[in-house]
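Take a look at the letters that make up each chain.
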Amino acid sequence: MRKDVHRSCSARRQILSLCAIALCAAAASGSSVQSGPSLDLVIRNATVVDGSGRKAFRADIGIGNGVILRLERPGRLRAPEILDASGLIAAPGFIDLHTHADDLTANPLAENFVRMGVTTVVSGNCGGSALLVAEALEKTRAAKPAVNFATLVGHNTIRRAVMGSENRPPSREELDRMKSLVAAAMRDGAFGLSSGLQYVPGTYSATEEIIELAKESAGAGGLYATHMRNEGTEIEKAVAEAIRVGEEAKCPVQISHIKIDSPSRWGMAKKVLAQVEAARRRGTKIGLDQYAYGAGSSGLSIRFPAWVLEGGQALIRQRLEDEATWDRVRTEMKAMLAERGFKDLSWAVVASYRPDPTLNGLSIRDIAARRKGNESPEAQLEVAREMMIAGGAQMVYHFMSEGDITAFMRDPNVSVASDSGVLRLGEGAPHPRGYGNNARVLGHYVREKRIVSLEEAVRKMTSLPAAQFGIRARGMIREGYAADIVLFDRKAVADRGTYAEPHRYATGIPHVFVNGVPVIRDGADTGARPGQVLTRGDQATAGNPAG
């Protein structure tokens, strides 16, 4: 009896051993040995740049229920659908943490974003946002967007709701009301507080006001993102103010669209980065972001003294129509231009002017020649005056140097962000960054100029912004993370839009997935809208679309 049992056990061990040898042989030969949850899709033979900054590697990506479930050597995964990604880079979907996509509900396909690989947008920047965050997020869920959506709450929005556009400090009661609005927005899911300190009414606020409001964000685990008071002639003071807010409010800081926007200060990038690094060494958590172009975009009003803008459009018109007041305004504008290193406004180009769309795409100098018969600085100022009286315009400003752009791009703490809204083909003459920002980094600054490596550029678009804003389970190709994935051809990816012809989608990005669903497939928009609403306190889980 014992001999029979011994023989039986021995036989079973031999069988198990043979099975193990067979499995090892199958693995060595590349045969499929998948186990675990079933997959909906396998992206096969991809060159994976996973967002961490580490070197690219070959792998298959297994996706199920909107999540990356498996990451294996090529050929080891199977699913009902296989996408052959041979020759393509697979990267995490790009996270654009500085957008003005607050109107996403009006254009939920967000095609200008997804066609350049962006799968998550953060709105509410530069001090402007929805006042009632819960209501805005619910509307976004109902709109079923193609991209994931998050928001900040804007200081300008809150100050205007409490104080209008008055140029004065708030009373204690007004400050308490503003604080309660920030606290409510944070409870409703905002990722933090944003400021736009070059804009009315934020420009009228003292640093102490910002600190008090930032404390409400910090208390809820949020951050403070700032469009600083000055990005050129007094940039050191502006950076110091941002750092002070972070240190006194005990709040992480994000400096938005970092740039040097005055020719008289070009070359300052390294000094600014050193200033930021010194604060980081003191323990302040501080990040930055930039777009990859030499021009910015903002309102025409930013070229006028702040006191002119107080009280709204009726008072602006009254001041500018009064000749004595205009003499003062003109003198101050000339001084501001000279201090920044400009002789006139020829570097200012109209992006959108509703009273006369035929001016879209023309510089202030071009318009002066058309309307005044000459291009003199005086004629240009008169044109700017007339346009402000008529309600102002959105502008593109050519005021940056390539040296500063590349210095910021090389810094490991500067992420990539477009500063764009949701664009519609053929509407206005917007900044081309809204169609090509990420593609331009990959094509121009990685492939052509070799300013940063491919792996580092992808990190700056994915895991870095996710870490800066505390966005969980996105920004990496990693098991358990949301299946936000972009596939691009590193040899062909490029921005096509120009300042003269901005309405051109990026190329070389054939496939984009949001929560495991293709929104761009074979270069075409699928019409799918699988985006999720992300909140600071309770982010939606992967596989649970916004709708």
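Relevant structure appears above.
Draft legend 1. Layout of the environment of Ala 134. Mapped onto the elements, Ala 134 comes out in helix H3 (residues 133-143). Judged by relative accessible area, which is 37%, Ala 134 ranks as partly exposed.

Draft legend 2. Geometry of helix H6 (residues 207-219). The end-to-end C-alpha distance of H6, which contains 13 residues, comes to 18 Å, matching closely the 18 Å that a straight helix rising 1.5 Å per residue would cover. Turning to H6, its buried residues are Thr 207, Glu 209, Ile 210, Ile 211, Leu 213, Ala 214, Ser 217 and Ala 218. Elements in contact with the buried residues of H6: helix H4 (155-163), helix H5 (172-187), strand S10 (192-196), strand S11 (223-227) and helix H7 (235-249). Count one or two residues on from H6 and you reach Gly 221, which has phi positive near 85°.

Draft legend 3. Main features of the pattern of salt bridges. Scanning the entire structure with this criterion turns up 41 salt bridges. One salt bridge in this structure joins Glu 386 and Lys 372, with 2.3 Å as the shortest N-O distance. Linking Glu 386 in helix H12 (residues 377-389) with Lys 372 in helix H11 (residues 364-372), this pair joins segments that are 14 residues apart in sequence. Ionic pairing is found between Glu 501 and Arg 504, a salt bridge with its closest N-O pair at 2.4 Å. Residue classification places Glu 501 among the partly exposed positions, given a relative accessible area of 44%. Note on Arg 504: relative accessible area 29%, which makes it partly exposed.

Draft legend 4. Broad picture of the nonpolar core. Ile 255, Phe 304 and Phe 488 are the most contacted members of the largest nonpolar core, which has 126 residues in total. Other than its neighbours up to four places away in sequence, Ile 255 contacts Thr 226, Met 228, Val 239, Ala 242, Val 276, Ile 286, Gly 287, Leu 288 and Asp 289. Grouped together as the second largest cluster of nonpolar side chains are 17 residues, Ile 43, Ile 63, Leu 83 and Ala 90 included.

Draft legend 5. Spatial organisation of unusual backbone geometry. In the segment running from Val 200 into Pro 201, the intervening peptide bond is cis, with an omega of 0°. Mapped onto the elements, Pro 201 comes out in the loop between S10 and H6. Here Asn 45, not a glycine, exhibits a phi torsion of approximately 65°, which is positive. Counting through the fold element by element, Asn 45 comes out in strand S1 (residues 41-48). At Cys 126, a position not held by glycine, the phi torsion is positive, near 60°. Residue position: Cys 126 is located in the loop between strand S7 (118-123) and H3.

Draft legend 6. The sheet that holds strand S16 (residues 394-398), seen in detail. Pairing in this open sheet of three strands is antiparallel, and the strands run S14-S16-S15 from one edge to the other. At either margin of the open sheet sits one strand with a lone partner, and together these are strand S14 (295-299) and strand S15 (348-352). Put simply, the sheet's adjacent strands are angled 30° from each other on average, direction ignored. Here S15 pairs with S16 via four bridges, running antiparallel. Note on S16: the bridge partner recorded for Val 349 is Val 396.

Draft legend 7. Region of interest: the environment of Asp 344. Within the fold, Asp 344 resides in the loop between helix H10 (323-340) and S15. On a C-alpha basis, the gap between Asp 344 and Phe 304 in space is 13 Å, while along the polypeptide they are 40 residues apart. The contacts of Asp 344, once residues within four sequence positions are left out, are Leu 337, Pro 377 and Gln 380. Polar contacts involving the side chain of Asp 344 include one to the side chain of Gln 380, which spans 3.3 Å.

Draft legend 8. Structural view of the pairing of strand S2 (residues 57-64). Most of S2 sits inside the fold, with six of its eight residues counted as buried. The pairing of S1 with S2 spans six bridges and is antiparallel. Opposite Val 42, over in S2, you have Gly 62 as the bridge partner. Sheet topology places S2 next to strand S3 (residues 67-72); five bridges connect them, and they run antiparallel. Of the residues in S3, the one forming a bridge with Gly 64 is Val 67. If you look at the hairpin formed by S2 and S3, you'll find two residues sitting between the two strands, and Asn 65 has a positive phi there, around 55°.

Thresholds, definitions, all that
Residues numbered from 1 in each chain as written. Predicted model: local features only at pLDDT ≥ 70, side-chain atom pairs only at ≥ 80, totals over all residues. Heavy atoms only, no water. Helix = DSSP H or I, 4+ residues; strand = E, 2+ residues; numbered from the N terminus. Buried < 20%, exposed > 50% of the residue type's maximum accessible area, 1.4 Å probe, protein only. Expected span 1.5 Å × (residues − 1). Contact = heavy atoms within 4.5 Å. Salt bridge = Lys/Arg side-chain N within 4 Å of Asp/Glu carboxyl O. Core = buried A, V, L, I, M, F, W, Y, C linked by side-chain atoms within 4.5 Å. Pairing = 2+ DSSP bridges. Axes fitted to C-alpha atoms, helices over the stretch in contact; angles between N-to-C directions. Polar contact = N/O pair within 3.5 Å; in protein donor to acceptor, adjacent residues only side chain to side chain.

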